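Spelled out, the chains give:
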Amino acid sequence: MKQPIIFCDFDGTITMNDNIMAIMKKFAPPQWEAIKDQILSQEMTIQQGVSQLFHLLPATQKEEVIQFVLAQAEIRDGFEDFVAYTNEHHIPLYIVSGGIDFFVQPLLKGLIEQQYIYCNEADFSGESIAIEWPHSCDELCSNGCGCCKPSIIRKLSDENTYKIVIGDSITDLQAAKLADKVIPRDFLIEKCEELAIPYEPFTTFHDVIHILEKREVHS
């Protein structure tokens, strides 16, 4: 039996809402919506789009932005039980996020060790907020992913790995194409159906636990 390994998105998956979108709705001028639409329609790469979104925000708003996003973020029901389940069954759980370190890491503190978190980083030293990309695309990917989930999957898995991808959005689509099991919600369900990618949907992380338990029963 192959070793299961889980690659789980953060924004809109672990959290109830997309934190970048929440930041933009609160702080960005109206042109952010056109950039968002270009990202979702894949007219613009995720890396280009997220860079442009945060470029709209002055770095002087750093503390205000951080306090806002941490205060409004809500962790999806069952996530702590899900983390406990993966620990109990020795299933590696990696958080692969197009989100930014200043909110991903604090919200996961005490649940996920930092070496299992892959996300983008913010630089507040300039006039506007700049995003840095420590996990950008490898030589097999040219999608301008930002935090390149397929590259991370290739790095951390092999032919003996049963790859489980959990996500909700366009940022998870390329990862879903590499997965043995896709557990999606929201926009990622639409893309899986459009591309005939098999999936089992979830609402809470108790649903995810149930899906993983079924695999154990049937393996």
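Look up a bit, the structure's there.
Presented here is an overview of the structure given in this document. What you are looking at is a predicted structure, and each value in this text was computed from that prediction instead of being measured.

1. Describing the sheet that holds strand β1 (residues 3-8)
Here is step 1: Spatially, 6 strands are ordered β4-β3-β2-β1-β5-β6 in an open sheet, and the strand pairing comes out mixed. This sheet does not close on itself; its edge strands, each paired only once, are β4 (130-132) and β6 (181-184). This sheet shows a mean twist of 20° between the axes of neighbouring strands, independent of strand direction.
Here is step 2: Note: strand β2 (residues 93-100) against strand β3 (residues 117-123), 3 bridges, orientation parallel. Opposite Val 96, over in β3, you have Tyr 118 as the bridge partner.
Here is step 3: Helix-sheet contacts for helix α9 (residues 187-194) involve β5 (161-167) and β6, and the interaxial angle to β6 is about 135°.

2. A short note on the side chain of Asp 101
Here is step 1: Tracing the chain through its elements places Asp 101 in helix α6 (residues 101-108).
Here is step 2: Among buried charged residues, Asp 101 stands out as having no salt bridge; its nearest opposite-charge side chain is Lys 62, 9.0 Å away.
Here is step 3: There is a polar contact of 3.2 Å between the side chain of Asp 101 and the backbone nitrogen of Ala 122.
Here is step 4: Residues contacting Asp 101, with those up to four places away along its chain left out, are Pro 106, Cys 119, Asn 120, Glu 121 and Ala 122.

The rules we used
- Along every chain, residues carry numbers that run from 1 in the direction the sequence is written.
- Residue-level local features of this predicted model are given only where pLDDT is at least 70; pairs of side-chain atoms are given and counted only at 80 or more, and the full residue set underlies all totals for whole chains, interfaces and linings.
- Only hydrogens and water are set aside; all other atoms, that is, all heavy atoms of the structure, feed into the side-chain values.
- DSSP-based pairing: two strands are paired if at least 2 bridges between them are found.
- Here a strand is any run of E in DSSP of at least two residues, a helix any run of H or I of at least four, and the numbering for each starts at the N terminus.
- Only the stretch in contact is used when a helix axis is fitted, and all axes are lines through C-alpha atoms; the angle between N-to-C directions ranges over 0 to 180 degrees.
- Throughout, a contact is declared for two residues whenever any of their heavy atoms are within 4.5 Å.
- Burial classification: accessible surface area is computed with a 1.4 Å probe over protein chains only, and a residue below 20% of its type maximum counts as buried, one above 50% as exposed, and the rest as partly exposed.
- Residues scored as positive are Lys and Arg, those scored as negative are Asp and Glu, and His as well as the terminal groups of each chain are ignored.
- Take a side-chain nitrogen of Lys or Arg and a carboxyl oxygen of Asp or Glu: if they are within 4 Å of each other, that pair is a salt bridge.
- Here a polar contact is taken to be a pair of N or O atoms separated by no more than 3.5 Å, where protein atoms must pair a possible hydrogen donor with a possible acceptor and residues adjacent in sequence count only if both atoms sit in side chains.

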